[in-house]
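A look at the structure
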Amino acid sequence: MTPVLVIGYGNELLGDDAAGRSTVEAFAQENRADVQILSVPQLTPELAESVAHSRRVIFVDTSADPAQQSVQLRPIQPATRSGGIGHVSRPGELLALAIALYGRCPSAWMMTLPGNQFALGKPLSQLAQRGVADALLRIRQLCGRGIHAQPTSPRAT
Amino acid sequence: MARRILIDPVTRIEGHAKITIHQDESGNVTDARFHVVEFRGFETFCEGRPLWEMPSITPRICGICPVSHLLASAKACDAILSVRIPAAAEQLRRLMNLAQIIQSHALSFFHLSAPDFLIGWDAPAATRNVFTLIQKQPDLARGGIRLRQFGQEIIELLGGRKIHPAWAVPGGVRQSLTEPGRDRIKSCLPEAMDTARAALQLFRDLLQSHERELQVFGRFPSLFLGLANEAGLWEHYDGFLRFVDAGGNVLADEIEVRRYREFIGEAVQTDSYLKSPYYKPLGFPQGIYRVGPLARLNVCRTMGTPLADEELDRFRSYGQGAVTSSFLYHYARLIEILACLELIQDMIDRPALLSPHLRADAGINQLHGVGASEAPRGTLFHDYQVNELGLIQKINLIIATGQNNLAMNRTVAQIAKHYIQGNSIPEPMLNRVEAGIRAFDPCLSCSTHADGTLALHVTLVAADGTVLDTVTRD
């Protein structure tokens, strides 16, 4: 059982869409033995197994909401979507899949970073870079909080 | 009043897209278009980059079929280097492509499409998903997931990572299979084989009650394109191009991949970013052709493996000459999974897979190179032009989903004609139109995957542009 699983996802070629992956790849440099880190272009169903075998999971992605200017963190619950899941899964669907297939689901958080530059070949914007720095702090806090803590109080900034 | 029905975007396919269904003044469907917002600008983005970077850049186009781009890119680079890669490297590339086809087809069949025909076309959208499938057919659903994991694991064993393995390089590959890796693959094969055979049995049974879908889900004459080899065996990595027609007759054969432009034209349509390739000798749009599992099975003489060949015989009973119903893409996909597993079983003990001789070294010896391989969804072309320093001057990519663009339009139109009557847009019709597109398993990757972007919007627009109705389904 992995104490904490951190999954960053997004397309590395599309500017700020890569902010989630940049965050978790930076965090991977810290070589935490109690944390498994995955950096993937998109969420896919087989990730449900890693999710199910974790005590806590943190999904890290860029927000598509142009009004979001800072890192947002909220607890998430299993959720199914009409029409099912496809090539692209959502975090809540992976949690639901973990329950359906493996009979268990970790506590889970969704961390979204701000972004405003999603064009092909663009680097991370300054807004996203600030988000990466803040997200790293938040992830360290979450990982240091004790593996059995429940995501009861969403912390918006 | 003539009107258009917009379905935007299609759920359970990669990326974003919308469908426009045109009706005449009497409410009869006259035409349909599948509009795609794909990852545009990639070709320009690559200009000026060193050739050596291409096999690591191009797989990042897509998180679903990165191996396909990796291999087609490496092959285009091989052509520019003018090298023949070591035999071990070719076998290892083949192994990775087989794994890619398995994992991609497993996702398509078990997760995306099986809910439609196992739970029921007219079931509420809220229950027509993989979760209900898990409740109803837990062994099948779990088996499907494990089959996809099996394919992903082979890719990881070879490339060091599941996604975007920077493993195939110009001239060969970076590393061979290890003995523990080989043993791991062997240990997983029996279960994977059981899953594939069970799914095939299930689908054969389903076909008995899906005569309507067989008839209206994109059943029309077209050409088919795929890689072929001199032995007539199913081909997925190398060989030459072959076009066959709906009667199963070979129209053009033994076309070297580098000559693809002589046979494939690319039409650009104003309402879609997806190019529409066509068979040049017949012109546009008469030169409509299909690629992917259905096409590959129409192009080959045999699968070359015993169990898959048994299935191929059954499959061919659904056509006269070629099999033309797009609904049978699903069947073809399962047959290909079985063939891939048999081929892996056949090759897994070859010493070459453990060989250290993996790469041919060379410099820039040609200024133009074309690579093609069979991606899960069909033939994929990478065409590079470089200067003497090996910097990319121009690239052209022809992706499988683009080559099926015209066929997807025709499929949607055929389904809509059958199910839409009058002015209402019934949910079961939406289900079927989406399912018709999903039969091709299009990968429109490539748009941003930022949080919170998927929804289904249905819009009715009059001929004068007036929006008559809008429905959003999340």
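Residues numbered from 1 in each chain as written. Chains lettered and ligands numbered in written order. Predicted model: local features only at pLDDT ≥ 70, side-chain atom pairs only at ≥ 80, totals over all residues. Heavy atoms only, no water.

Turning next to the overall build of chain A. Helix and strand content of chain A: 4 helices and 6 strands. Mapped in sequence order, the helices and strands of chain A form the string β-α-β-α-β-β-α-β-α-β. Considering only intrachain contacts with a sequence separation of at least 6, the fraction spanning at least 24 residues in chain A is 77%. Accessible surface computed for chain A: about 5800 Å², of which carbon and sulfur atoms make up 50%. (Helix = DSSP H or I, 4+ residues; strand = E, 2+ residues; numbered from the N terminus. Contact = heavy atoms within 4.5 Å. Areas by Shrake-Rupley, 256 points an atom, 1.4 Å probe, with all protein chains shown as cover.)

It is worth spelling out the overall build of chain B at this point. Along the backbone of chain B there are 15 helices and 16 strands. By residue count, 65% of the 474 residues in chain B fall in the buried class. Restricting the contact set of chain B to residue pairs at least 6 apart, pairs at least 24 apart contribute 69%. Counting only carbon and sulfur atoms, one obtains 48% of the accessible surface of chain B, whose full area is about 16500 Å². (Buried < 20%, exposed > 50% of the residue type's maximum accessible area, 1.4 Å probe, protein only.)

So, on to the sheet that holds strand β7 (residues 240–244) of chain B. In spatial order, the strands read β8-β7-β6-β11 (chain B); together these 4 strands make up an open sheet with mixed pairing. Across the chains shown, the open sheet's two edge strands, defined by having one partner strand only, are β8 (250–255) and β11 (289–290) of chain B. (Pairing = 2+ DSSP bridges.)

Here the focus is the environment of L202 of chain B. All names here are of chain B. For L202, the position within the fold is in helix α7 (residues 179–207). L202 gets classed as buried once you look at its relative accessible area, which sits at 18%. Sequence separation between L202 and T401 is 199 residues, and the spatial gap between their C-alpha atoms is 27 Å.

Bringing helix α3 (residues 91–102) of chain A into the picture now. The terminal C-alpha atoms of α3 of chain A lie 16 Å apart, and with 12 residues this matches the ideal 16 Å at 1.5 Å per residue to within 8%. Burial of α3 of chain A is extensive: 9 of the 12 residues sit out of reach of the surface. Within the span of α3 of chain A, buried status applies to P91, G92, E93, L94, L95, A96, L97, A98 and L101 of chain A. Residues of α3 of chain A that are buried sit in contact with β1 (2–9), α2 (47–52), β3 (54–62) and β5 (107–113) of chain A together with α5 (130–136) and α6 (138–159) of chain B. Backbone geometry just downstream of α3 of chain A places G103 of chain A in the positive-phi region, at approximately 75 degrees. (Expected span 1.5 Å × (residues − 1).)

What follows is about the layout of surface pockets. All names here are of chain B. For the second largest pocket, the calculated volume is near 590 Å³. Around the second largest pocket sit 19 residues that line it, and K75, A79, D238, V257 and V370 are the ones nearest its centre. Among the elements that make up the lining of the second largest pocket, the one with the highest residue count is strand β12 (residues 368–375) (5 residues). For the lining of the second largest pocket, the residue count by class is 7 nonpolar, 4 polar and 8 charged. (1 Å grid on protein atoms, 1.4 Å probe; cavity = no way out; pocket = protein on both sides within 12 Å on 5 of 7 lines; lining within 4 Å. Points joined across faces, edges and corners; volume = space filled by probe spheres on them. Nonpolar A, V, L, I, M, F, W, Y, C, P; charged D, E, K, R; others polar.)

For the rest of this paragraph, the subject is the nonpolar core. Counting residues in hydrophobic clusters, the biggest one holds 155 residues, and the most contacted among them are I7 and F59 of chain A together with I21, F203, F315, L341 and Y384 of chain B. Grouped together as the second largest cluster of nonpolar side chains are 21 residues, L73, L136, I139 and L142 of chain A included. (Core = buried A, V, L, I, M, F, W, Y, C linked by side-chain atoms within 4.5 Å.)

The next thing to look at is the sheet that holds strand β13 (residues 378–386) of chain B. Residues and elements named next belong to chain B. As summarised here, the arrangement of the 3 strands in space is β12-β13-β14, forming an open sheet in which the pairing is antiparallel. Across the chains shown, the open sheet's two edge strands, defined by having one partner strand only, are β12 and β14 (392–398). Across the sheet, the axes of successive neighbouring strands diverge by a mean angle of 15 degrees, strand direction being ignored. Of the strand pairs in this sheet, β13 and β14 are connected by 6 bridges, and their pairing is antiparallel. Counted as the bridge partner of F381 is I398 from β14. Of the strands in this sheet, β12 and β13 touch helix α3 (residues 66–81), which is tilted by about 150 degrees from β12. (Axes fitted to C-alpha atoms, helices over the stretch in contact; angles between N-to-C directions.)

The full count for this structure, using the stated rule, is 30 salt bridges over all chains. In this structure, R94 of chain B and E90 of chain B form a salt bridge, with 3.0 Å as the shortest nitrogen-oxygen distance. With R94 of chain B and E90 of chain B both in helix α4 (residues 87–119) and 4 residues apart, the pair spans about one turn of that helix. Measuring nitrogen to oxygen at the nearest pair gives 3.2 Å for the salt bridge that ties D441 of chain B to R377 of chain B. Of this pair, D441 of chain B sits in the loop between α15 (427–438) and β15 (456–462) while R377 of chain B sits in the loop between β12 and β13, and the two are 64 residues apart along the sequence. Take D441 of chain B and R377 of chain B: they sit in the same class, and that class is buried. Via salt bridges that share partners, E12, R21 and E25 of chain A together with R60 of chain B belong to a single interconnected network. (Salt bridge = Lys/Arg side-chain N within 4 Å of Asp/Glu carboxyl O.)

For chain A, per-residue confidence averages 86 on the pLDDT scale, and 87% of positions sit at 70 or higher. Low confidence marks residues 147–157 of chain A, where pLDDT is under 50. Its contacts with residues over four positions away, or in another chain, come to 29 contacts. (pLDDT = per-residue confidence, 0-100.)

Okay, unusual backbone geometry next. Residue P285 of chain B is reached from F284 of chain B by a cis peptide bond, and omega for that bond is 0 degrees. For P285 of chain B, the position within the fold is in the loop between β10 (276–279) and β11. The phi torsion at N31 of chain A lies on the positive side, around 50 degrees, for a residue other than glycine. Considering the arrangement of structural elements, one finds N31 of chain A in the loop between α1 (19–28) and β2 (35–40). Residue N31 of chain A is classed as exposed on the basis of its relative accessible area of 65%. Within the chain, S82 of chain B stands out as a residue other than glycine whose phi angle is a positive 60 degrees.

Residues and elements named next belong to chain B. Of note, T178 is situated in the loop between β5 (172–173) and α7. A relative accessible area of 43% places T178 in the partly exposed class. For the pair T178 and T127, spaced 51 residues apart in sequence, the C-alpha to C-alpha distance is 44 Å. In terms of polar contacts, T178 uses its side chain to reach the backbone amide nitrogen of G181, at 3.0 Å. (Polar contact = N/O pair within 3.5 Å; in protein donor to acceptor, adjacent residues only side chain to side chain.)

This part takes up the packing of α6 of chain B against α7 of chain B. Residue and element names in this part refer to chain B. Relative to each other, α6 and α7 sit at 145 degrees, their axes nearing to 9 Å. Between α6 and α7 lies a crossing whose hand is left-handed. For the pair formed by α6 and α7, the contact residues are L140, G143, G144, R146, L147, F150, E153, I154 and L157 on the first element and G181, R184, I185, C188, L189, E191, A192, T195, A199 and L202 on the second. Taken together, the residues of the contact of α6 with α7 sort by class into 11 nonpolar, 4 polar and 4 charged. (Left-handed = near helix turned anticlockwise from the far one by under 90°.)

Our focus in this paragraph is the side chain of R290 of chain B. Residues and elements named next belong to chain B. Residue placement: R290 occurs in strand β11. The buried charged residue R290 lacks any salt bridge partner; its closest oppositely charged side chain belongs to D245, at an N-O distance of 11 Å. At 3.3 Å, the side chain of R290 forms a polar contact with the backbone oxygen of G218. (Lys, Arg positive; Asp, Glu negative; His and termini not counted.)

Residues and elements named next belong to chain A. Tallied over the full model, the rule gives 0 disulfides over all chains. No disulfide involves C143; its sulfur sits 17 Å from that of C105, the nearest cysteine. In this structure C143 comes out as buried when scored by relative accessible area, which is 5%. (Disulfide = S-S within 2.5 Å.)

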